[in-house]
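Report on the structure
Residue strings, one per chain:
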Amino acid sequence: DGGITQSPKYLFRKEGQNVTLSCEQNLNHDAMYWYRQDPGQGLRLIYYSQIVNDFQKGDIAEGYSVSREKKESFPLTVTSAQKNPTAFYLCASSISGQGANQPQHFGDGTRLSIL
Amino acid sequence: SQKIEQNSEALNIQEGKTATLTCNYTNYSPAYLQWYRQDPGRGPVFLLLIRENEKEKRKERLKVTFDTTLKQSLFHITASQPADSATYLCALGAGGYQKVTFGTGTKLQVIP
């Protein structure tokens, strides 16, 4: 079955440590997205990529970095510069980057906590 | 600034009744509106998309309306079932290569 796989499901970070969240899709979608979800807040866009080897900052990119070297993969690194990294991170994809006229397919998230 | 409002309070309804969830927006002229379902600890799942020139869209027991004058979308679940209990998110976008903005979601609890 096609879908998006995020790993790990739970992740713990020590102070000053960088961690990388994995996102893989086998839907052959061009566009991929990273969101952060905090209690009482809507999904906030961190980074998005409309095509391989290209990505743009979203609304809250500070303290995060991404790469898009392969169509099916869009890893997110949470750097030590992100002062409040505890959150639920969601990866999504869509057929193309044509905004809201296409549904987004989501993975089941990674919950990141600080030790 | 753009703002999307969904009722932050949980909606409790009796099984078999129609659940109606509201999504209001301000300072925004969306071309598309989407509804998603999210279960605890899971990612959102796409349900329906409606365009600005469509007044209503249906899919099985689901119905969505989009009123660009009132700046509001209503999401209805008819003959609700306990399995419909989840958080429902609305999302808006202006079309083209524009990002989608999500609301905070409304938690629906269907009581047997």
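Everything below is about the structure shown above.
To keep things clear, this report deals only with the structure shown in the data block. What you are looking at is a predicted structure, and each value in this text was computed from that prediction instead of being measured. (Residues numbered from 1 in each chain as written. Chains lettered and ligands numbered in written order. Predicted model: local features only at pLDDT ≥ 70, side-chain atom pairs only at ≥ 80, totals over all residues. Heavy atoms only, no water.)

1. Observations concerning the layout of surface pockets
Stated formally: Think of a 1 Å grid over the protein atoms and nothing else: a 1.4 Å probe that fits but is trapped marks a cavity, an open set flanked by protein within 12 Å on at least five of seven lines marks a pocket, and residues with an atom within 4 Å of a point count as lining. Grid points are joined across faces, edges and corners, and a volume is the space filled by probe spheres set on the points. Where helices and strands are cited, they refer to DSSP runs of H or I of at least four residues and of E of at least two residues respectively, numbered from the N terminus. We call Asp, Glu, Lys and Arg charged. Ala, Val, Leu, Ile, Met, Phe, Trp, Tyr, Cys and Pro are nonpolar, and the rest, Gly among them, are polar.
Reported here for the largest pocket is a volume of approximately 520 Å³. Surrounding the largest pocket, 28 residues form its lining, A:Gln37, A:Pro39, A:Gly40, B:Gln38 and B:Thr87 being those nearest its centre. Of all the secondary-structure elements, those providing two or more residues to the lining of the largest pocket are β9 (87-94) and β11 (110-114) of chain A together with β9 (86-93) and β11 (106-111) of chain B. Looking at the lining of the largest pocket residue by residue, the class counts come to nine nonpolar, 14 polar and five charged. The calculated volume of the second largest pocket comes to roughly 220 Å³. Listed by contribution, the elements that provide at least two residues to the lining of the second largest pocket are β10 (105-106) of chain A together with β5 (45-51) of chain B. Class assignment of the residues belonging to the lining of the second largest pocket gives a composition of six nonpolar, six polar and three charged.

2. Overview of unusual backbone geometry
Where we set the bar: Only protein chains enter the accessibility calculation, which uses a 1.4 Å probe; a residue is then buried when its area is under 20% of its type maximum, exposed when over 50%, and partly exposed in between.
Note the cis peptide between A:Ser7 and A:Pro8, where omega equals -10°. Looking at where A:Pro8 falls in the secondary structure, it is placed in the loop between β1 (4-7) and β2 (10-13). Although it is not a glycine, B:Glu60 adopts a positive phi angle of roughly 55°. Along the chain, the position of B:Glu60 falls in the loop between β6 (56-59) and β7 (62-67). Backbone geometry at B:Ala79 places phi at a positive 45°, although glycine is not the residue there. Assessed through its relative accessible area of 39%, B:Ala79 is described here as partly exposed.

3. Some details on the sheet that holds strand β7 (residues 64-66) of chain A
Residue and element names in this part refer to chain A. Note the following rule: For two strands to be treated as a pair, DSSP must find no fewer than two bridges joining them. Every axis corresponds to a line fitted to the C-alpha atoms, with the helix fit spanning only the stretch in contact, and the corresponding angles, defined between N-to-C directions, vary from 0 to 180 degrees.
The four strands lie next to each other as β1-β3-β8-β7, forming an open sheet whose pairing is antiparallel. Taken across any chain shown, the strands that pair with only one partner, and hence form the sheet edges, are β1 and β7. When strand polarity is set aside, the average angle formed by the axes of neighbouring strands in this sheet is 20°. The sheet contact formed by strand β3 (residues 19-25) and strand β8 (residues 76-78) spans three bridges and is antiparallel. Looking at β8, one finds that Leu-21 is bridged to Leu-76.

Purely geometric numbers; function is a separate question.
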